[in-house]
Amino acid sequence: MRKLKITAMAFLLCALLVFTAGCGKDKQAGDTAKAKSLTFSWSKDIGDLNPHLYSPSQFFAQAMVYEPLVKYAEGGKIEPWLAESWVISQDGKEYTFKLRKGVKFSDGSSFDARVAKKNFDAVLANAQRHKWLELINQIKETEAVDDHTLKVVFKNAYYPALQELALIRPLRFLGPAGFPDSGKTSEGIKKPIGTGPWVLSEYKKGEFAVFSRNDHYWGTKPKLEKVTVKIIPDGESRVLAFEKGEIDLIIGSGLFSIDSFNRLKSSGKYGTMISGPMSTRTLAINSNRGPTRELKVRQALQHGFNKQAVIDGVFSGTEKKADTLFSPNFPYCDLGLKPLEYSVEKAGALLDEAGWKLVAGKDVREKDGVPLELELCFESTNVIQKAVAEVMQGDLKKIGVSLKLVGEESQSHSQRQKDGKFHLVFNDTWGAPYDPHSLVSSMRVPSHADYQAQSGLPMKAEIDRKIGEVLLSTDEKTRRELYAYILGTLHEQAVYLPVSYQTNMAVYHKNVSGFSFSPQANEILLHGIEKN
Amino acid sequence: MKWYIIMRLAGLVPVLLGISAIAFFLVRLVPCDPAEVYLRLSQVPPTPEMVAAVRADLGLDRPLHIQYLDWLHKALQLDFGLSFATREPVLAEIMRCFPATLQLTLASMALVLLISLPAGILAALYKDGVFDQLSRVLAFLGASVPNFWLGFMLMYLFSLKLDLLPVLGRGTAAHLALPAVTLAMSYAATYTRLLRTSMLDSLGSNFVLYTRARGLRERLVLGRHVLKNALLPVVTAFGMSAGHMLAGTVIVENIFAWPGMGMLCVSSIFNRDYPVIQCYALIMALIFVACNLAVDIAYRFLDPRIRLGGGR
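Residues numbered from 1 in each chain as written. Chains lettered and ligands numbered in written order. Predicted model: local features only at pLDDT ≥ 70, side-chain atom pairs only at ≥ 80, totals over all residues.

Q: Describe the overall build of chain A, listing the residues and the values that go with them.
A: Along chain A, the regular secondary structure elements total 17 helices and 23 strands. Projecting the C-alpha coordinates of chain A onto the three principal axes gives extents of approximately 85 × 75 × 45 Å. Counting every position in chain A, which comprises 532 residues, the buried fraction comes to 48%. At a minimum sequence separation of 6, the contacts of chain A that also span at least 24 residues come to 68%. (Helix = DSSP H or I, 4+ residues; strand = E, 2+ residues; numbered from the N terminus. Buried ≥ 20, exposed ≤ 12 C-beta atoms within 10 Å, placed from the backbone. Contact = placed C-beta atoms within 7 Å.)

As structure tokens, this is what we get:
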């Protein structure tokens, strides 16, 4: 009995400790409330911040620490950054960059052409890992002409070179002290040392990361002194933490639900912001499988789907209706293509013309006794895809098409995209700065849903050939014509059903000001933010 | 007893070997190539050349049996390889997360005992009384309310409305309160009812009648005789639950951003991080077997009949 009592007392004490401690105020929350310090959350750990590699490093964190030679601005405009100016040779194969003087890494060391070349060489030494990026495949060699002049020689004239140099990875610059002894950044880095406005000052893996202002920063220094990133995997928990004041800002369209965004917005207690189009939420229609092989069926699906109902009902107006694969504000994409508007009558007529007829007593059209049944594949954990799919299922039923919804977890869904085992599949565009050139380039790769969807088109070989030409074209007029052919043909052939132009959403406390969206989908602009 | 423990520990070897093989081959039945998953996570289009390069990097280009034997050979030296996702040693990743999960589980277990022991005893002593009815309602609620819902409700009430506790994260002891309560509630409900039933069984036994006939004080009857016997099934269930709680923190950890094994497990499954999944499965198997063993040993102390009946 005595032992039992002792054990019970021990447990009681333990539990009391938990609860009495629990009644204290949250010290961390108090810290984050300090002015000049901002806390926001992300769903994943920031990673090791190797500028020359990919996952698990998060784009936004890499962009805070490292900078590019040139910057991607609104509308795809390229602006000077670590390179003040550049000259492109007549044949388009040599780019000579004049590097900005006085730029220092966060450890105080200088950024010059030798360091820049060292970074290029480290990336090129691991070229196999960057094969997806045509820029890396096209670079022949680099040369540090003098302290502030870097020459990059290409194998061919490659017009998106500057756009791809602006990417967050893999071509940003690590300070010499961050390199491993072997010089191979593919094996890891010693420390994340960049020229960017922020320095990683404290980090607890899987819990939080603290970035401090880089005192050596060459440009206008950030107004905030400290930014804390808390790792919160769950979206609803993130919203509760925001409402409690434990985080100051939520940014990212996938990081919280539209319902939560609308609720926070309508409360009037917080500031909210929606970006312009960042990418396109689209469905790829397989031109090489079952009934969707027929152009008229694909066109009928476009006319039979009420996108505006999705915009109003699913997105509550936070996204805009998409009529073309790429938003017209992207480079080479303002082609004036005619939208395939919602019309049940037109959709029905097209299916009739294609021989898919409604039989008396049946809801689903048939052709030679075969019912018009299609599969729409989506990620089962993606509530937006599911909601859009359900609206579409209802719409297509009205035109006599049976749409079976196939929900799978994300990796299985990706596998299905790759294998082409779909009639319709969610397949978003990549967003700025990849659109349109990188996505168009990937349309030639069989492991992409785009390739699979286009593989039944009679002019597929011609489309691929023109894609090859446009990437190497040095003449602006020719490039425009080639893009007009590629995007125009895909539009006419109705292999893409654009649903909406995806936006980025942000919600912040009213003491946070100066927030704006980056033109790059994966970058978070913290530079101008102030906290009162 | 010593032999018994040695034999049980020896039995661990084939169990862990079996688990390691099952975990190794089972995760490979899941569709999707981890190399492709890695590339997609990096937002890199998975071209065949890129996939081949990453597969070679991750050692997935070798025959399956070679991969298994190589993994087993290293695992015997406590080298569980590198995580596919982070390229960090797996054991270091697990050890980074394990203390958080252990802390959460221990706090929850303490709460379970704190709630279920007095509640179960009182419910049995005042059978069909107000307290018994109340504990019945609470037990039904505790057993039927899903973890994630309870977690959000607690967050909403104690963090947002009453401003008493932080919403999420790990740091101070205050951060522990809500996840521990969320994890403990369903177990506390079960044990309250289990202890009540067990107590009532014991109270109706002849030996209790005899102890009362001997004129022993009621406190002594209840404490030394009734409770000791009533605790036997509770100890069994509690021992089993320790493993379940350690392995069952997945939802709670993800809701409360508690950086433990549950969060690691979920991200590893999504990332098809085979080495982490395999190591996680092995450690969980080890914990379950250890808990069973601890229960069996505790049983032998609590119930002399087992010692006399079979054990050496």
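Q: Quick rundown of the environment of A:G355? Include the residues and the values.
A: Residues and elements named next belong to chain A. Turning to its location among the elements, G355 is positioned in the loop between α11 (344–353) and β15 (366–367). Classification of G355 by C-beta neighbours within 10 Å gives partly exposed; the count is 13. Counting along the chain gives 10 residues from G355 to R365, while the straight-line C-alpha distance between them is 9.2 Å.

Q: Break down the interface of chain B and chain A for me, with residues and values.
A: At the junction of the two partners, chain B supplies 52 residues and chain A supplies 48 residues. Those elements giving two or more residues to the side of chain B that touches chain A turn out to be α2 (34–41), α3 (48–58), α5 (90–125), α7 (147–161), α8 (174–203), α10 (218–247) and α11 (250–255) of chain B. Looking at the side of chain B that touches chain A, its residues break down into 37 nonpolar, nine polar and six charged. (Nonpolar A, V, L, I, M, F, W, Y, C, P; charged D, E, K, R; others polar.)

Q: Break down helix α13 (residues 274–302) of chain B for me, with residues and values.
A: Residues and elements named next belong to chain B. The terminal C-alpha atoms of α13 lie 42 Å apart, and with 29 residues this matches the ideal 42 Å at 1.5 Å per residue to within 8%. Buried within α13 are the following residues: Y274, P275, V276, I277, Q278, C279, Y280 and A285. Buried residues along α13 sit against α1 (2–27), α2, α5 and α12 (261–270). (Expected span 1.5 Å × (residues − 1).)

Q: An account of the nonpolar core is requested, with residue identities and associated values reported.
A: In terms of nonpolar packing, the biggest core is built from 221 residues, with A:I250 and B:L111 touching the most fellow members. With 17 residues, α5(B) is the largest single contributor of residues to this core. Excluding residues within four positions of it along the chain, A:I250 makes contact with A:F40, A:S41, A:R238, A:F242, A:L255, A:F256, A:A506 and A:V507. (Core = buried A, V, L, I, M, F, W, Y, C linked by C-beta atoms within 7 Å.)

Q: I'd like to hear about the sheet that holds strand β13 (residues 279–285) of chain A, residue by residue, with values.
A: Residues and elements named next belong to chain A. On the basis of which strands lie adjacent, the open sheet formed by six strands has the order β14-β20-β13-β19-β17-β18 and mixed pairing. Of all the strands in the sheet, just β14 (320–321) and β18 (402–408) have a single pairing partner and so form its edges. Looking at chain direction, β13 and strand β20 (residues 496–502) are connected through six bridges and run antiparallel. Pairing of L283 across the sheet is with L497, part of β20. (Pairing = 2+ DSSP bridges.)

Q: Would you mind going over the sheet that holds strand β5 (residues 94–99) of chain A in detail, with residue names and values included?
A: All names here are of chain A. Pairing within the open sheet is antiparallel, and its four strands lie in the order β4-β5-β7-β6. Either end of the sheet is taken by a strand with one partner, and the two such strands are β4 (83–88) and β6 (139–146). Shown here is a sheet whose adjacent strand axes are inclined to one another by a mean of 20°, direction ignored. Relative to strand β7 (residues 149–154), β5 runs antiparallel, the two being bridged by five bridges. Its bridge partner being in β7, K98 is matched across the sheet by T149. Sitting on the sheet, helix α4 (residues 113–124) is in contact with β5, β6 and β7, with an inclination near 165° to β6. (Axes fitted to C-alpha atoms, helices over the stretch in contact; angles between N-to-C directions.)

Q: How would you explain the confidence of the model for chain B if you had to name every residue and give the values?
A: Residue and element names in this part refer to chain B. Across chain B, pLDDT averages 87, with 98% of residues at or above 70. Across chain B, the secondary-structure element scoring lowest on mean pLDDT is helix α14 (residues 304–309), at 61, and the one scoring highest is α7, at 94. pLDDT under 50 marks residues 308–312. Its contacts with residues more than four places away, or in other chains, come to six contacts. Reported confidence for the predicted complex is 0.84 by ipTM and 0.84 by pTM. (pLDDT = per-residue confidence, 0-100.)

Q: For the packing of helix α16 (residues 460–472) of chain A against helix α17 (residues 476–492) of chain A, give the residues involved together with the corresponding values.
A: Two numbers describe a pair of packed helices, the interaxial angle and the distance between the axes. Residue and element names in this part refer to chain A. Two elements in contact, α16 and α17, have axes separated by 9 Å at closest approach and are oriented at 150°. With respect to each other, α16 and α17 are oriented roughly antiparallel. Judged by the twist between their axes, the crossing of α16 over α17 is left-handed. In this structure, α16 uses I463, K466, I467, E469 and V470 to contact α17, whose residues at the interface are R479, L482, Y483, Y485, I486 and T489. For the contact of α16 with α17, the residue count by class is seven nonpolar, one polar and three charged. (Parallel < 35°, antiparallel > 145°, perpendicular 65-115°, else oblique. Left-handed = near helix turned anticlockwise from the far one by under 90°.)

Q: Describe the environment of A:E94, listing the residues and the values that go with them.
A: Residues and elements named next belong to chain A. Residue position: E94 is located in strand β5. Counting along the chain gives 46 residues from E94 to K140, while the straight-line C-alpha distance between them is 9.8 Å. Leaving out residues up to four positions away in the same chain, E94 has contacts with S89, K151 and V153.

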